[in-house]
Amino acid sequence: MTDIKSMTIEELTEYMDSLGEKPFRAKQLYEWMHVHLARDYDEMTNLSKALRSKLSEESELVTLKPVDIQISKEDGTRKYLFVLPDGNMVESVLMRYEHGISVCISSQVGCKMGCRFCASTIDGFLRNLTPSEMLDQIYAISRDVNERVSNVVVMGTGEPLDNYDNLLRFIEIITGKGGLNISQRNITVSTCGLVPKIYELAKEKLAITLALSLHASTQAKREEIMPVARTYNIEEVVAAMKDYCKVTGRRVTYEYTLIAGVNDTDEDARLLSNLIGSSMCHVNLIPVNPIEERNYDSTSSEGVSRFKKKLEKNAINVTIRREMGRDIDGACGQLRRRHMKEGLS
Ligand code: SAH
């Protein structure tokens, strides 16, 4: 089956041509998929019945089905567990901010990066998500709440730069004029730091925000919690982020998950400031969300404020990540793991 939801408008036009259809039919079909977010060929009423039935025979309209939706009573955060066409499951999260709705999507089924504090990686890596599977996390959520999504963060399960080509195609379609037309500035991609891919992404000259999961102030500490640091050392990865800034003119984000007694001392704040410097960047402090499989504790809120002040003294822009959906399975990968375990027992 052809995955038509992963096609750009040019590719879809060629595909429709191969079926003997005119270019305007491709435009109509593209609009049904990427503007009206149609979940079924039968919704596409301005296409002939004959064309719809031909399409349903040879091309798959990838749609994700929610198997669980958890809704936070505190802040309206909604966590979705979706089943993919092949039966695998992924998580996505909707968060409400003053400036609109933000959706956090997954880029892979499972993850091979092995970060010690993260639940998404515990069961290993299964496969990359296709562009249509990334898009439909947003489309399914937008349809569910009947609201426009204004921001997208690729910060769910998986390493987006390990699924590079599909990620770029996803960005092209979600930001394209013929689709939801979300501004590139409202897209954030978060990476654990695959250095060659960061340089490659800079050359694409996109206006997206790049975030690095840094989480440590020294190479030794980073290696302890993030195995990827053994392949790319901390200096190399920060140099790649600085290059991204220079080439794109975009301010980058460093994410720093604070873990009690691991990376949250005054000395860590000092070393971190020296490492990143104060220009064209921003640090997002995240109190670690403890997972039952590891005994990491979160830094106290006083400790987080203290760390923030130390960075600010060095002229670094800092925010503390607002904890959303604390009353639901908030940390990456927890909802999927819980379902997998229940499924087995
Ligand atoms: N692979 C990408 C994107 C997925 S992880 C990356 O590494 O950036 C998204 C973010 O959530 C990362 O910053 C990650 O380090 C963080 N994260 C994962 N588990 C967490 C936990 N238990 N508590 C706090 N942050 C966590």
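Our structure's up above, just so we're on the same page.
The rules behind these values
- Residues numbered from 1 in each chain as written.
- Predicted model: local features only at pLDDT ≥ 70, side-chain atom pairs only at ≥ 80, totals over all residues.
- Heavy atoms only, no water.
- Helix = DSSP H or I, 4+ residues; strand = E, 2+ residues; numbered from the N terminus.
- Rg over C-alpha atoms; globule rule 2.2 N^0.38 Å.
- Buried < 20%, exposed > 50% of the residue type's maximum accessible area, 1.4 Å probe, protein only.
- Contact = heavy atoms within 4.5 Å.
- Areas by Shrake-Rupley, 256 points an atom, 1.4 Å probe, with all protein chains shown as cover.
- Pairing = 2+ DSSP bridges.
- Axes fitted to C-alpha atoms, helices over the stretch in contact; angles between N-to-C directions.
- Near = heavy atom within 4 Å.
- Polar contact = N/O pair within 3.5 Å; in protein donor to acceptor, adjacent residues only side chain to side chain.
- Nonpolar A, V, L, I, M, F, W, Y, C, P; charged D, E, K, R; others polar.
- Core = buried A, V, L, I, M, F, W, Y, C linked by side-chain atoms within 4.5 Å.
- Phe/Tyr/Trp six-rings, centres within 6.5 Å; stacked < 30°, edge-to-face > 60°.
- Lys NZ or Arg CZ within 6 Å of the ring centre and 35° of its normal.
- Expected span 1.5 Å × (residues − 1).

1. Overview of the overall build of the protein
A count of helical and extended segments in the protein gives 11 helices and 14 strands. Computed over the C-alpha atoms, the radius of gyration of the protein is 21 Å, within 12% of the 20 Å expected from 2.2 N^0.38 for a compact globule of 345 residues. Overall size of the protein, expressed as C-alpha extent along the three principal axes, is 70 × 50 × 35 Å. Among the 345 residues that make up the protein, the fraction classed as buried is 53%. Across the protein, the fraction of contacts at a sequence separation of at least 24, relative to all contacts at a separation of at least 6, is 68%. Per element, the accessible surface of the protein, about 15,300 Å² overall, is 48% carbon and sulfur.

2. What about unusual backbone geometry?
Leaving glycine out, the prevailing phi sign among residues is negative, and the prevailing peptide bond configuration is trans. We note that H215 has phi near 60°; this positive angle belongs to a residue other than glycine. Within the secondary structure layout, H215 lies in the loop between strand 11 (209-213) and helix 7 (219-225). Its relative accessible area of 4% is what places H215 among the buried residues. A positive phi angle, close to 50°, is found at M280, a residue other than glycine. Position of M280 among the secondary structure elements: in the loop between helix 9 (266-276) and strand 13 (281-287).

3. Focus on the sheet that holds strand 3 (residues 65-71)
Sheet architecture is open: 10 strands sit in the order 3-4-5-6-9-10-11-12-13-14, paired in mixed fashion. At either end of the open sheet lies a strand with only one pairing partner, and these are strand 3 and strand 14 (317-320). Averaged over all pairs of adjacent strands, the angle between strand axes in this sheet comes to 20°, irrespective of strand direction. Pairing of strand 12 (residues 252-258) with strand 13, which is carried by seven bridges, proceeds in the parallel orientation. Note on strand 13: the bridge partner recorded for T253 is H282.

4. Considering the site of the ligand
With respect to spatial proximity, 15 residues lie near the ligand, and among them E159, S190, S213, H215 and N289 are the closest. Here an oxygen atom of the ligand sits 2.6 Å away from a polar atom, N or O, in the side chain of S213. Here an oxygen atom of the ligand and a side-chain polar atom of H215 are 2.5 Å apart. For the shell around the ligand, the elements supplying multiple residues, two or more each, are strand 10 (187-191) and strand 12. Its residues placed into classes, the shell around the ligand shows five nonpolar, eight polar and two charged.

5. Focus: the nonpolar core
One broad trend across soluble globular proteins is that nonpolar side chains are buried collectively. Counting residues in hydrophobic clusters, the biggest one holds 99 residues, and the most contacted among them are L12, I138, F170, Y254 and I276. Not counting residues up to four positions away in its chain, the partners in contact with L12 are I4, M7, A26, L29, Y30 and M33. In terms of nonpolar packing, the next biggest core, distinct from the first, is built from five residues, V93, M95, C104 and V153 among them.

6. Side note on the packing of aromatic side chains
Counted by the stated rule, this structure contains two aromatic pairs. Between Y80 and F82, the aromatic rings sit 5.5 Å apart at their centres with planes inclined by 5°, giving stacked as the arrangement. Classification of Y80 by relative accessible area gives buried; the value is 1%. Note on F82: relative accessible area 0%, which makes it buried. When the ring centre of F125 is taken as reference, the NZ or CZ atom of K112 above it lies at 4.5 Å. It is K197 that lies over the ring of Y164; its NZ or CZ is 4.8 Å from the centre.

7. Considerations on helix 5 (residues 164-175)
Along its 12 residues, helix 5 runs 16 Å from first to last C-alpha, staying within 8% of the 16 Å computed at 1.5 Å per residue. Three or more residues of helix 5 are buried, namely Y164, L167, L168, F170, I171, I173, I174 and T175. Check the buried side of helix 5 and you find it contacts helix 2 (23-34), helix 4 (131-145), strand 9 (151-154), strand 10 and helix 6 (195-203).

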